[in-house]
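Listed below are the residues making up each chain.
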Amino acid sequence: MTLTPTRVGDVRVRRLTTTLYGYSFLEEFVLLYPVYALLFSDAGLSVWQISSLFALWSVTAVVLEVPSGAWADAVSRRLLLVVGPLLTGAGFALWVLVPSYAAFAAGFVLWGTGGALSSGALEALVYDEMERGGVSDRYARVLGRARAAGLIAVMAAMGLAGPVLAWGGHAAVGAASVLVCALASVTASRFPEHRVAGGVREGWTAALRGGLREARRDRSVRGALLLVPAVAAVWGALDEYTPLLVREAGVGDAVVPGVLLVIWGGATAGSLLAGEGERFGTGGLAVLVGGGGVALAVGALAGTVVGLLLVAAAFGAFQAATVLAEARLQHRIEATGRATLTSVAGLGTELVTLTVFAGYAVVASGHGHGAAFAVAAVPYVVLGAGLVVMVRFRRARAEV
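Residues numbered from 1 in each chain as written. Predicted model: local features only at pLDDT ≥ 70, side-chain atom pairs only at ≥ 80, totals over all residues. Heavy atoms only, no water.

Participant: Got a sec to walk through the overall build of the chain? Specific residues and values, please.
Facilitator: Helices and strands together make up the secondary structure of the chain, namely 15 helices and zero strands. Here the chain has a C-alpha radius of gyration of 21 Å; the compact-globule value for 400 residues is 21 Å, and the two agree. Projected onto its principal axes, the C-alpha positions of the chain cover 55 × 50 × 45 Å. Buried residues in the chain amount to 49% of all 400 residues. Accessible area for the chain stands at about 18,000 Å²; split by element, carbon and sulfur atoms hold 67% of it. (Helix = DSSP H or I, 4+ residues; strand = E, 2+ residues; numbered from the N terminus. Rg over C-alpha atoms; globule rule 2.2 N^0.38 Å. Buried < 20%, exposed > 50% of the residue type's maximum accessible area, 1.4 Å probe, protein only. Areas by Shrake-Rupley, 256 points an atom, 1.4 Å probe, with all protein chains shown as cover.)

Have a look at this one:
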């Protein structure tokens, strides 16, 4: 049987998306995620020591985010996706084999490095391959499904971590996590990559300069770069505090994981529906962001289980908006600096997230978690209103 060019293209795209969904699931299906704080505590670390580890992790990601993106534009992106999970797995192995502050710190540096290698490279590889196959218009839908796979993996890890920890302790949880990282690396080796690494001869600094030059030259690229952290950072930081918000609503500790699954179910639904939202353009994005902000504020201030359902709906809206913002960025970037500029957006998200952490602590310590969530919703309402004004301005200018 002879395959037509269209059929061959469909097979290649199917291989790409299947690999992406598997990789996205395995990246997040790490049983250590829900319990590593317990591992640190059991090793005798103080709260300040644990906090310093989180800070080291964040600093590693911030420092390496943009250089790793430029490197992905200069060398094989698939290679970085293969190496990244191996570094993360090596860090987890250190934690379990040599449970000490030094080993935990080294593990976080390895984890941050592995994450930085994957960040930017994954989105750039997938978009370029989809563009090569003539289906880049499906990118938002595919990215949404990939993010949904990751969220499902997080929920599955939350459900399995407890039983595995009870059965085999931290050693069993760590071994399972290292195995998953190895499987993610193997899966990454199946990504198709037809791009020629144009920046290899001049080095990653040339790729970095080229990507930043594109952002300075093209106003639409700059706008898309700013939109990604504006949408993704705040609710991404709030994720860390949702258990405390749930407890403040009067939910018993034994029921908290179940309520968290509902909230993350909302985010998963937002991922799956993101592709449908792309056709509504900037106006639809404004509704998602502004409406999500209102739902988050009302739900958080309600202090009830019903209010938490509104929080779940808000997380779904924010997840969909994040996917759409990231897709918008990819559509505006030229292929040569794609990973670099994607990493620049990731750096912006990291920096805003750190700011949100600091602000949240100030508000929550004096007024509670519901108030802190409500304050965090304000930027989304403002952003939604700003997008509406921009849409109306464009329409008015087009009619002149």
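Participant: Tell me about the confidence of the model for the chain, and name the residues and values.
Facilitator: Predicted confidence across the chain gives a mean pLDDT of 87, with 90% of residues reaching 70 or more. Helix α8 (residues 204-217) is the least confidently modelled element of the chain, averaging 64 in pLDDT, while helix α4 (residues 77-97) averages 96, the highest of any element. (pLDDT = per-residue confidence, 0-100.)

Participant: Before we move on, can you summarise the nonpolar core with the specific residues and values?
Facilitator: Counting residues in each nonpolar core, the largest one holds 109 residues, and the members touching the most others are F40, W95, V126, F191, L296, F315 and F373. Among the elements that line this core, the one with the most residues is helix α7 (residues 139-188), at 15 residues. Sequence-distant contacts of L296, defined by excluding residues within four places in its chain, comprise L238, V311, A314, F315, F318, F373 and A377. (Core = buried A, V, L, I, M, F, W, Y, C linked by side-chain atoms within 4.5 Å. Contact = heavy atoms within 4.5 Å.)

Participant: So what's going on with the pattern of salt bridges? Residues and values would help.
Facilitator: According to the stated counting rule, one finds seven salt bridges in the structure shown. A salt bridge links R338 to D128, with the nearest nitrogen and oxygen atoms 2.8 Å apart. With a gap of 210 residues between them, R338 in helix α14 (residues 338-367) and D128 in helix α6 (residues 121-132) connect regions that are remote in the sequence. Across the pair, exposure class does not vary: R338 and D128 are buried alike. The closest approach of N and O atoms between R279 and E276, which form a salt bridge, is 2.9 Å. Given a relative accessible area of 36%, E276 falls into the partly exposed group. (Salt bridge = Lys/Arg side-chain N within 4 Å of Asp/Glu carboxyl O.)

Participant: Give me the lowdown on the packing of helix α11 (residues 256-277) against helix α13 (residues 305-332), citing residues and values where you can.
Facilitator: Relative orientation of the contacting elements α11 and α13 amounts to 35°, with a least axis distance of 7 Å. Considering the relative orientation of α11 and α13, their crossing is right-handed. Of the residues in α13, those touching α11 at V259, V262, I263, G266, A267, G270, S271, A274 and G277 are L308, L309, V311, A312, F315, G316, Q319, A320, V323 and L324. The class makeup of the residues in the contact of α11 with α13 is 13 nonpolar, six polar and no charged. (Axes fitted to C-alpha atoms, helices over the stretch in contact; angles between N-to-C directions. Left-handed = near helix turned anticlockwise from the far one by under 90°. Nonpolar A, V, L, I, M, F, W, Y, C, P; charged D, E, K, R; others polar.)

Participant: Residues and numbers for the side chain of T17, please.
Facilitator: One can find T17 in helix α1 (residues 5-28). From its side chain, T17 meets the backbone oxygen of R14 in a polar contact 3.1 Å long. (Polar contact = N/O pair within 3.5 Å; in protein donor to acceptor, adjacent residues only side chain to side chain.)

Participant: Before we move on, could you go through the packing of aromatic side chains and cite the residues and values that matter?
Facilitator: Evaluation of the coordinates by the stated rule reveals 29 aromatic pairs. With a centroid separation of 5.9 Å and 70° between ring planes, the pair formed by W95 and W111 is classed as edge-to-face. Taken together, the residues W95 in helix α4 and W111 in helix α5 (residues 101-118) connect sequence positions 16 residues apart. Members of the aromatic cluster, each reached through a chain of ring pairs, are Y33, Y36, F40, F54, W57, F92, W95, F104, F108 and W111. (Phe/Tyr/Trp six-rings, centres within 6.5 Å; stacked < 30°, edge-to-face > 60°.)

Participant: Mind laying out a positive patch on the surface, listing which residues take part and the relevant values?
Facilitator: On the surface, R219, R222, R332, R394 and R397 cluster together into a patch of positive charge. Listing elements by their share of the positive patch, those giving two or more residues are α9 (219-238) and α15 (369-399). Relative to the helices and strands, R397 resides in helix α15. (Patch = residues over 30% accessible without salt bridge, like charges linked within 9 Å, V, L, I, M, F, W, Y side chains within 5 Å. Lys, Arg positive; Asp, Glu negative; His and termini not counted. Charge placed at Lys NZ, Arg CZ, Asp CG, Glu CD.)

Participant: Go over the environment of G22, please, and point to the residues and values.
Facilitator: Tracing the chain through its elements places G22 in helix α1. For G22, a relative accessible area of 26% puts it in the partly exposed group. Placed 161 residues apart in sequence, G22 and L183 show a C-alpha to C-alpha distance of 9.6 Å.

Participant: Give me the lowdown on the environment of M390, citing residues and values where you can.
Facilitator: Here M390 is to be found in helix α15. What makes M390 partly exposed here is its relative accessible area of 27%. C-alpha of M390 to C-alpha of L341: the two residues are 49 residues apart in sequence and 24 Å apart in space.

Participant: Before we move on, can you summarise the packing of helix α12 (residues 281-302) against α13 with the specific residues and values?
Facilitator: One can describe the packing of α12 onto α13 by two numbers: an axis separation of 8 Å at closest approach and a directional angle of 150°. By the angle between their directions, the pair α12 and α13 is classed as roughly antiparallel. Handedness of the crossing formed by α12 with α13: left-handed. Per-class residue counts for the contact of α12 with α13 are 18 nonpolar, six polar and one charged. (Parallel < 35°, antiparallel > 145°, perpendicular 65-115°, else oblique.)

Participant: Can you lay out the environment of V306 for me, pointing to particular residues and giving the numbers?
Facilitator: Along the chain, V306 falls in helix α13. Judged by its relative accessible area of 62%, V306 falls in the exposed class. V306 sits 57 residues away from A249 along the chain, and the two C-alpha atoms are 9.5 Å apart.

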